[in-house]
Number of protein chains: 2
Amino acid sequence: MVTWNNLDTLASWKELEAIEKVNLAEVMSGENGAERVKKYSVPMAEGLAYNYAAKSVDDTVLAGLAKLAGEAQLSEKFAALYNGEMINTGEKRLVLHQLTRGQLGDAVIADGVDKRAFYAEQQQKIAEFANKVHAGEITNEAGEKFTAVVQIGIGGSDLGPRAMYLALENWAKKNDTFKMEAHFISNVDPDDAAAVLNGIDVAHALFVLVSKSGTTLETLTNESFVKDALKNAGLDASRHMVAVTSETSPLAKSDDYLAAFFMDDYIGGRYSSTSAVGGAVLSLAFGPEVFAQFLEGAAKADETAKNPDALQNPAMLDALIGVYERNILGYQCTAVLPYSQALSRFPAHLQQLDMESNGKSVNRYGEPVSYVTGPVIFGEPGTNGQHSFYQLLHQGTDIVPLQFIGFRNNQCGRDVLIQDSTSQQKLCANVAAQIVAFACGKEDENLNKKFEGGRPSSIIIGDQLTPGSLGALLSHFENKVMFQGFLWNLNSFDQEGVQLGKVLAKRVLAHETDGALKVYSDLLNI
Amino acid sequence: MVTWNNLDTLASWKELEAIEKVNLAEVMSGENGAERVKKYSVPMAEGLAYNYAAKSVDDTVLAGLAKLAGEAQLSEKFAALYNGEMINTGEKRLVLHQLTRGQLGDAVIADGVDKRAFYAEQQQKIAEFANKVHAGEITNEAGEKFTAVVQIGIGGSDLGPRAMYLALENWAKKNDTFKMEAHFISNVDPDDAAAVLNGIDVAHALFVLVSKSGTTLETLTNESFVKDALKNAGLDASRHMVAVTSETSPLAKSDDYLAAFFMDDYIGGRYSSTSAVGGAVLSLAFGPEVFAQFLEGAAKADETAKNPDALQNPAMLDALIGVYERNILGYQCTAVLPYSQALSRFPAHLQQLDMESNGKSVNRYGEPVSYVTGPVIFGEPGTNGQHSFYQLLHQGTDIVPLQFIGFRNNQCGRDVLIQDSTSQQKLCANVAAQIVAFACGKEDENLNKKFEGGRPSSIIIGDQLTPGSLGALLSHFENKVMFQGFLWNLNSFDQEGVQLGKVLAKRVLAHETDGALKVYSDLLNI
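Residues numbered from 1 in each chain as written. Chains lettered and ligands numbered in written order. Predicted model: local features only at pLDDT ≥ 70, side-chain atom pairs only at ≥ 80, totals over all residues. Heavy atoms only, no water.

Caption draft 1: Region of the structure containing the interface of chain B and chain A. Listed per partner, the contact involves 133 residues of chain B and 132 residues of chain A. Buried surface at the junction of chain B and chain A, summed over both partners, amounts to about 11300 Å²; 63% is from carbon and sulfur atoms. Viewed at the interface, chain A and chain B are joined by six salt bridges. R326 of chain B is the salt-bridge partner of D398 of chain A, the closest N and O atoms lying 2.4 Å from each other. Applying the counting criterion to the chain B and chain A interface returns 49 residue pairs in polar contact (both at pLDDT 80 or more). The greatest single-element share of the side of chain B that touches chain A, amounting to 15 residues, is contributed by helix α15 (residues 423-440) of chain B. Taken together, the residues that form the side of chain B that touches chain A break down as 58 nonpolar, 53 polar and 22 charged. (Contact = heavy atoms within 4.5 Å. Buried area = accessible area lost by both parts, 1.4 Å probe. Salt bridge = Lys/Arg side-chain N within 4 Å of Asp/Glu carboxyl O. Polar contact = N/O pair within 3.5 Å; in protein donor to acceptor, adjacent residues only side chain to side chain. Helix = DSSP H or I, 4+ residues; strand = E, 2+ residues; numbered from the N terminus. Nonpolar A, V, L, I, M, F, W, Y, C, P; charged D, E, K, R; others polar.)

Right, here's the structure in full:
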């Protein structure tokens, strides 16, 4: 039986606050620093490792964090979640995204079915559909093969799948599993759909309409936009569209779609990349086997997240250190910095995952909390970011904790030797250098050239970004965010903060406004 | 004669701190709110307007800010800058990016030439070159027209030009000025160059190599990568490349390039979009006339930034309100939220512009400042962001000031009517709704559904995103950042914070490391 308490009511939290702070620049210097880098590393799934040597922790702080994990019952809460307790109390829903990739505990029966079987069945249906598209058994009305897939969705139906597609596009091309280009239409700005449609051959395009409820305004609007374009090209829209939705949505049994694949209310949008929401587009783009490998990587990482020993559980440890930085060290932001161009949109996905899950001021009982919660997340790939915002990270007046990601090998296998090193070596040398520069800093008599150091970072290191390691990476962050929600005693699985804007926008469109909203509407010619 | 003082030494600053804070939710309600939206708006160049009704200011605060602008000599400092004083004291350089688009004051003579004439001459040389490429007078070695342009550059040679290209791509296609696709290679990750090269027809591609010093490691590495690809395709690299660099760089007079266009040390990378750095790629992609319109828009906005009346000077007012939010209200971040898919990478450009300019802890004399400086900047286009991180913005425990941008009309002119409104109307209705939702909030007995409000935002509203309005927008933010640097008494034009990482990366590549850096290098197989 788990009990849900606010972070600041826990005895271990008060103890943690009293522990002496670590002087990061000092402990990361010399041989002690070298020892830390060797020691402060936890293996993750798929050959990844979470190295937290450059975080502001030491054995005492770590022991305090492990104690906190125990008192906060992080493992027990995770078990409650994957065994099917109603963790999303606000919306009265189970939280089952981990079940889309594996069975972590008891069978979960809901809506009269075994949910693991349900998700696996959807994956299978998608695989069969994708194989038929690739084999030319499902074609356009002229009997020609589809050459592109276009996802129509927004938020979780866009950011995660798009980031995963970009992450694996070049890997798939290199490994001969690339099947078709994917494109994405998300914004209600009509220029988004217009530009995508201008850039593709609609006669050979298959559209994947993604909306759990079947009522998302942006998505339905863009569906109409696309249907108009298909009609204007003399094409039968129903031969060019599939739906990903819930079984109870209006899209589920419509003749407007070639096929429908299902998710359900137990999969939050931002956690849906491993469900049919990511499954359809990724299986069509790369083949179902690649999508299956991605799920396997995520499933393995979910297994490591079950470890009750916080210091051997990378997602839990990452979560604990993050909360320590946020609530005890007082840092407001976290930068996500993958040294991998393929992960160019991974920070944008984590931005949603983290900020929409834990950007909240009330606990799971609807009571205000008296501590800060989810940080602002931002980031760009390195080395690009080094030439952009790293100035502030190194010498700005606020400290921003950093989450680096790096791989020993690139995906495309093409490289060039300049000044005795390859580009891949330069890339890796830069991330190693940055970690030490941020942690240790540098003295200089000219204060403009001085680096204070003491700026904490962690790095996840892997061999290569593959479907498996990508799945493990995604799962790591999902589980990190989940554990942080447990620590802050939040419901990380609803998003009431997006409602008011929707209500007011409807009012504007119905011309039922007054006061400031009326004047803004007039200024924008609505 | 201007005097450079720290912000907290100014009498008007101390007065400002003592002024009563505004209750934003209250003042934005009812008819008072409507009046604010009408009144708190300043015209900008190119038909844009800066509306700050939803900022936490009132007439008293505004009077205090105007007084601060006077005491801080913002106008006089801008005049010193554009009249050619050495404002970048750290690097002992003039700061002349505004001169790339117009003459704001006295003739500036440096390096023995009139700099306005120099920049105009480069623009003219680029225009002639681009016209010849478009006319098929400059071709590949087979006498065929170039069909794509690929910029090789990083940081300011990438983010600004890329954001501007994306901002105008669909406009140019719609207005029949689109000449050729542009692509960008920036990251030292070899997969970046490999993916771009895989996606284009190198035989018909023209590469623009951009490096002011001619020594940027990433850029030279990617140049070699591209030259290898050209060689492997049996092509003569020197027939496919132009350089944008300084006259003193090793690239300036090399036979390796079809042509060289020049910038100089007085144009910082992040301020270089209106110089040859943006000029070459944008003129090739859209034609020199479009680039000229972009410069005209920027020049007009620079003129408005000269207005000594802070309340009639949108860039100065934006800067003052930002400093008020940062240093008096204590907000650490600013989100940039354009309701325009074309501005998808504009926030990434502003992230560099702002964070690299003002993310500093020492004043222009190299003395530590005792107040916080540049904020963390992040953002994504709306409505996408609404389905991502807005949850935290509405209900998170920290307040994040917001900078909206919206246009009455889209660029492509294609739209669809769903539920009695167009997509464009839905887009605009959403931004109007968000401003009011953030400012006013909403009461609810269920605290999970309650919105506290009091979350400040401004909006820049325009008719359409065109070359002219884009130039005005870019200039607005450049000048805002400049004025904030003046207020914080920083040198906004150097970036010493990027140096340490470079030095340590070189050491890693030379295998001259010990301690933590050595272990990280080993872990990454360097």
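Alright, that's what it looks like, and here's the rest.
Caption draft 2: Spotlight on the relation of the copies chain B and chain A. By a simple turn and slide, chain B fits onto chain A: the slide is 0.0 Å along the axis, the RMSD is 0.0 Å, and the turn is 180 degrees. The symmetry that links the two subunits is that of a two-fold axis. Every residue of chain B has its C-alpha some distance from the rotation axis, and the shortest such distance is that of F378 of chain B, at 3.2 Å. A shared binding surface is used by both copies, with 99% of the interface residues of chain B retained as interface residues in chain A. (Least-squares fit on C-alpha atoms with pLDDT ≥ 70 in both.)

Caption draft 3: Region of the structure containing helix α5 (residues 74-82) of chain B. Residue and element names in this part refer to chain B. Burial runs high along α5: eight of the nine residues are buried. When we look at burial in α5, the residues that qualify are L74, S75, K77, F78, A79, A80, L81 and Y82. Those residues of α5 that are buried lie in contact with α4 (59-71), α11 (288-304), α12 (314-328) and α16 (467-488). Where α5 ends, the next residue or the one after it, G84, has phi of about 100 degrees, a positive value. (Buried < 20%, exposed > 50% of the residue type's maximum accessible area, 1.4 Å probe, protein only.)

Caption draft 4: Representation of the packing of aromatic side chains. All names here are of chain A. Tallying each qualifying case throughout the model produces 38 aromatic pairs over all chains. Here F78 and F483 contribute two aromatic rings whose centre-to-centre distance is 5.8 Å and whose plane-to-plane angle is 80 degrees, an arrangement assigned as edge-to-face. With F78 in helix α5 (residues 74-82) and F483 in helix α16 (residues 467-488), this residue pair connects regions lying 405 residues apart in the sequence. Of the two residues, F78 and F483, neither departs from the other in class, the shared state being buried. (Phe/Tyr/Trp six-rings, centres within 6.5 Å; stacked < 30°, edge-to-face > 60°.)

Caption draft 5: Just helix α12 (residues 314-328) of chain A, in detail. Residues and elements named next belong to chain A. Relative to the 21 Å expected for 15 residues at 1.5 Å per residue, α12 spans 20 Å between its end C-alpha atoms, a close match to the ideal helical length. When you tally the buried positions in α12, you get 15 out of 15 residues, the bulk of the element. Just downstream of α12, G330 is the residue with a positive phi angle, here 80 degrees. (Expected span 1.5 Å × (residues − 1).)

Caption draft 6: Local environment of the nonpolar core. By size, the foremost hydrophobic cluster in this structure holds 381 residues, and its most contacted members are F207 and Y520 of chain A together with F207 and Y520 of chain B. Ignoring any residue separated from it by four or fewer positions in sequence, one finds F207 of chain A in contact with V150, I152, L197, I200, V202, V226, L230, H240, M241 and V242 of chain A. (Core = buried A, V, L, I, M, F, W, Y, C linked by side-chain atoms within 4.5 Å.)

Caption draft 7: Summary view of the confidence of the model for chain A. Averaged over every residue, the pLDDT of chain A is 97; residues scoring 70 or more account for 100%. We note a pTM of 0.98 for the whole complex and an ipTM of 0.98 for its interfaces. (pLDDT = per-residue confidence, 0-100.)

Caption draft 8: Region of interest: the side chain of S521 of chain B. If you trace the backbone, S521 of chain B turns up in helix α18 (residues 515-523). At 2.7 Å, the side chain of S521 of chain B forms a polar contact with the backbone oxygen of L517 of chain B. Once residues lying within four places of it in the same chain are set aside, the contact partners of S521 of chain B are A432 of chain A together with V508, T513 and I526 of chain B.

Caption draft 9: Expanded view of the packing of helix α15 (residues 423-440) of chain A against helix α17 (residues 499-509) of chain B. Remark: α15 of chain A packs on α17 of chain B, axes separated minimally by 8 Å, with the N-to-C direction vectors making an angle of 125 degrees. Taken as axis vectors, α15 of chain A and α17 of chain B run oblique relative to one another. Read as a crossing pair, α15 of chain A and α17 of chain B show a hand that is right-handed. Between α15 of chain A and α17 of chain B, the residues in contact are Q425, K426, A429, N430, A433, Q434, V436 and A437 of chain A and L500, G501, L504, A505, V508 and L509 of chain B, respectively. Along the lines of polarity and charge, the residues of the contact of α15 of chain A with α17 of chain B split into nine nonpolar, four polar and one charged. (Axes fitted to C-alpha atoms, helices over the stretch in contact; angles between N-to-C directions. Parallel < 35°, antiparallel > 145°, perpendicular 65-115°, else oblique. Left-handed = near helix turned anticlockwise from the far one by under 90°.)

Caption draft 10: Expanded view of the sheet that holds strand β8 (residues 241-246) of chain B. Residues and elements named next belong to chain B. A sheet is described by the order of its strands in space; here five strands give the open sequence β6-β5-β7-β8-β9, paired in parallel fashion. Of all strands in the sheet, those bounded by a partner on one side alone are β6 (181-185) and β9 (259-263). Strand after strand, the sheet turns through a mean of 20 degrees between neighbouring axes, direction not considered. (Pairing = 2+ DSSP bridges.)

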